[in-house]
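Remarks on the overall topology
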Amino acid sequence: DSYSPAGWPDTYQRASFFDIDPRVAFVCRSEWPFAWDLDSLFNRSALNQPGSQERRFVDAALASGSASGVTVGIATANPVERCVVTLSSRHPGQQWLSDTTLGAAYGLAVDLHEFIDAHPQFRLPRLNSDGLSADQQAILQCMAMGMHDSDIAHELSMTRSEVSHHLKQLIQRYHANSKVQLAYIAGALERD
């Protein structure tokens, strides 16, 4: 927040851009720097729809002065937590992103990661599945496999309202902002 463009963190959170941001998906799977520009983040059909969330993301990013950049995510000791660093520029395209820039971004991410790991007060509490019902554990396993609510209901012989009820409880328990974030948590719990 300290070095973000004014208003961008609030806009990002309020608009739930976390759910659609391809940079987040990439850095959750890899620790390599991800070079990006707004023209290449989303497919053209999504951007051509004036009210789409992708179009709103691009418009908000441009308004905040972020047209391109590099994003790096480094895993922490907590399986559901990553140290994510995004360096951005007003310059469109990726021509300004040299190997030196990517290396510097990676170095900064590693330094922040080491700082966070050395200071436990900055880390999220370690999550576990202790105390979950068998149904809730099964729902988390289905979410980790990328299943939608209706598919989970069918797979577990439940009604959609039962699945929705359990999902609400799981979202509250893990302080997730969305089902997408809960699915990420479910995957991390399964790997752990």
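Model, not experiment: these values are computed from the prediction. (Residues numbered from 1 in each chain as written. Predicted model: local features only at pLDDT ≥ 70, side-chain atom pairs only at ≥ 80, totals over all residues. Heavy atoms only, no water.)

If you trace the backbone, H166 turns up in helix α9 (residues 160-173). The exposure class assigned to H166 is buried, which follows from its relative accessible area of 14%. On a C-alpha basis, the gap between H166 and Q49 in space is 34 Å, while along the polypeptide they are 117 residues apart. Setting aside chain neighbours within four positions, we find H166 in contact with S133, D135, Q136, I139 and M158. (Helix = DSSP H or I, 4+ residues; strand = E, 2+ residues; numbered from the N terminus. Buried < 20%, exposed > 50% of the residue type's maximum accessible area, 1.4 Å probe, protein only. Contact = heavy atoms within 4.5 Å.)

On to unusual backbone geometry. For S16, which is not glycine, the phi torsion reads 55 degrees and is therefore positive. Locating S16 in the fold gives a position in the loop between α1 (8-14) and α2 (22-29). Relative accessible area serves as the criterion here: at 31%, S16 is assigned to the partly exposed category. Unusually for a residue other than glycine, H175 sits at a positive phi of about 55 degrees. Note on placement: H175 falls in the loop between α9 and α10 (179-191). On the basis of relative accessibility, which here comes to 68%, the residue H175 falls in the exposed class.

Let us look at α2. Residues of α2 that are buried: R23, V24 and V27. Buried residues of α2, viewed axially, fall in a sector of 100 degrees; they line one side. Buried residues in α2 make contact with α1, β1 (34-37), α3 (38-41), α5 (53-64), β2 (68-75) and β3 (82-89). (Arc of directions from axis to C-beta.)

These results come straight from atomic positions and should not be treated as a statement about function.
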